[in-house]
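The primary structure of each chain is shown beneath.
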Amino acid sequence: MRIGILGTGALAEGLGTGWARAGHELVIGGRSPDRARRLADRLGPAARAATPREAAAGRDAVLLAVTWNGVEDMLRSAGATDGLLAGTPLIDPTNAVEHGVGELLTAPGESMARRIAALAPGAHVVKAFHLFPAAQWTDGGPPVTVAMCGDDPAALRAVGDLVRDVGGEPAVLGSLDRVHQLEQVAGFVIGLAFSGANPRSAIPHVPSPPATT
């Protein structure tokens, strides 16, 4: 795929590393051209740096790898507010939570994914990759399930393929109507982690249902 990455931080590098290894073409756009160039250099010949608008235009998928409070500025820089991402899978891994506490900072009943969808008219927003640290996608380890929400079946399939390319297994929870639930889970996990508890120990092991033929 031709993937645009908006952002130059740890998640952009973690997922970019995995996708470059899988043979995808990456275009990095960030607020700092120098940081975008340095990240593209680290990702290797599969990646190049560009402006945010160039990174977003004509891609098979776009990753919005910025902090939640930088979303609007980045989407404007990328032309998403003008409809540039119409028809494009737009991956939202953001967590609008209070640092060290895990409380959601969105308004009651609001979600970041819905906010992003409103800021990027026509984009097919998929919530994904918001529950694991960036190192998950570069250091390997046991397989993980990446829960996702989205309204467009083709976008969910495309993002599911990208999940598999970095060693995850996609699981669609539902449409964006259920995304608030996924974002609440992120707050729960972050809150437990900062309290010193292992979030995995707080979730009961439920055997998978038997496969049907």
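The residue count restarts for each chain, going from 1 along the sequence in the order it is written. Residues qualify for local features only when their pLDDT is at least 70, as the model is predicted, and side-chain atom pairs are given and counted only at 80 or more; totals for whole chains, interfaces and linings, by contrast, use all residues. Think of the side-chain values as coming from all heavy atoms in the structure, minus any hydrogens and water.

(A) A look at the environment of Val125. Helical segments are the DSSP runs of H or I of at least four residues, strand segments are the runs of E of at least two, and each set is numbered from the N terminus. Mapped onto the elements of the fold, Val125 is located in strand S6 (residues 124–127). Through-space distance from the C-alpha of Val125 to that of Ala155 is 7.9 Å; in sequence the pair is 30 residues apart.

(B) Summary view of the packing of helix H1 (residues 10–21) against helix H2 (residues 33–43). An axis is simply a line fitted to the C-alpha atoms; with a helix, the fit covers only the stretch in contact. Between two such axes, the angle follows the N-to-C directions and lies from 0 to 180 degrees. Between H1 and H2, the least distance of the axes is 10 Å, while the angle of their chain directions is 35°. Relative to H2, H1 is oriented so that their crossing is right-handed. Of the residues in H2, those touching H1 at Ala12, Glu13, Gly16, Thr17 and Ala20 are Leu39, Arg42 and Leu43. For this classification, Asp, Glu, Lys and Arg are treated as charged, while Ala, Val, Leu, Ile, Met, Phe, Trp, Tyr, Cys and Pro are nonpolar and the rest, including Gly, are polar. A breakdown of the residues in the contact of H1 with H2 according to their chemical character gives four nonpolar, two polar and two charged. Crossing chirality is assigned from the near helix's rotation relative to the far helix, an anticlockwise turn below a right angle marking it left-handed and a clockwise turn marking it right-handed. What makes two residues a contact is simply this: any of their non-hydrogen atoms within 4.5 Å.

(C) Up close: the pattern of salt bridges. Should a side-chain nitrogen of Lys or Arg be within 4 Å of a carboxyl oxygen of Asp or Glu, the pair is scored as a salt bridge. One pass over the structure, following the stated rule, counts twelve salt bridges. Glu13 is the salt-bridge partner of Arg42, the closest N and O atoms lying 3.0 Å from each other. Separated by 29 residues along the polypeptide, Arg42 in helix H2 and Glu13 in helix H1 bring together distant segments of the chain. Given a relative accessible area of 48%, Arg42 falls into the partly exposed group. For the salt bridge of Asp161 with Arg164, the shortest nitrogen-to-oxygen distance reads 3.3 Å. Taken as a pair, Asp161 and Arg164 lie in helix H7 (residues 153–165) at a separation of three residues, close to a single helical turn. Judged by its relative accessible area of 44%, Arg164 is partly exposed. Connected through salt bridges with shared partners, the residues Asp92, Lys127 and Glu183 form a single ionic network. Partly exposed describes any residue whose relative accessible area lies between the buried limit of under 20% and the exposed limit of over 50%, with all areas from a 1.4 Å probe on protein chains only and scaled to the type maximum.

(D) Expanded view of unusual backbone geometry. Unlike most non-glycine residues, Phe129 shows phi in positive territory, near 65°. Note that Phe129 resides in the loop between S6 and helix H6 (136–139).

(E) The pairing of S6, seen in detail. Here, a strand pair is defined by DSSP locating no fewer than two bridges between the strands. Relative to S6, strand S5 (residues 89–92) runs parallel, the two sharing four bridges. Each residue of the ladder has a partner; that of Asp92, found in S6, is Lys127. Viewed with both strands pointing away, a crossover whose connecting path from the first strand over the helix to the second turns clockwise is right-handed. After leaving S5, the chain enters helix H5 (residues 112–119) and then returns to the sheet as S6, a path that is right-handed.

(F) The arrangement of the side chain of Thr88 in detail. Topologically, Thr88 is positioned in the loop between helix H4 (71–77) and S5. For Thr88, a relative accessible area of 8% gives the class buried. Those residues in contact with Thr88 that lie beyond four places of it in its chain are Arg59, Asp60, Ala61, Val62, Ala123 and His124.

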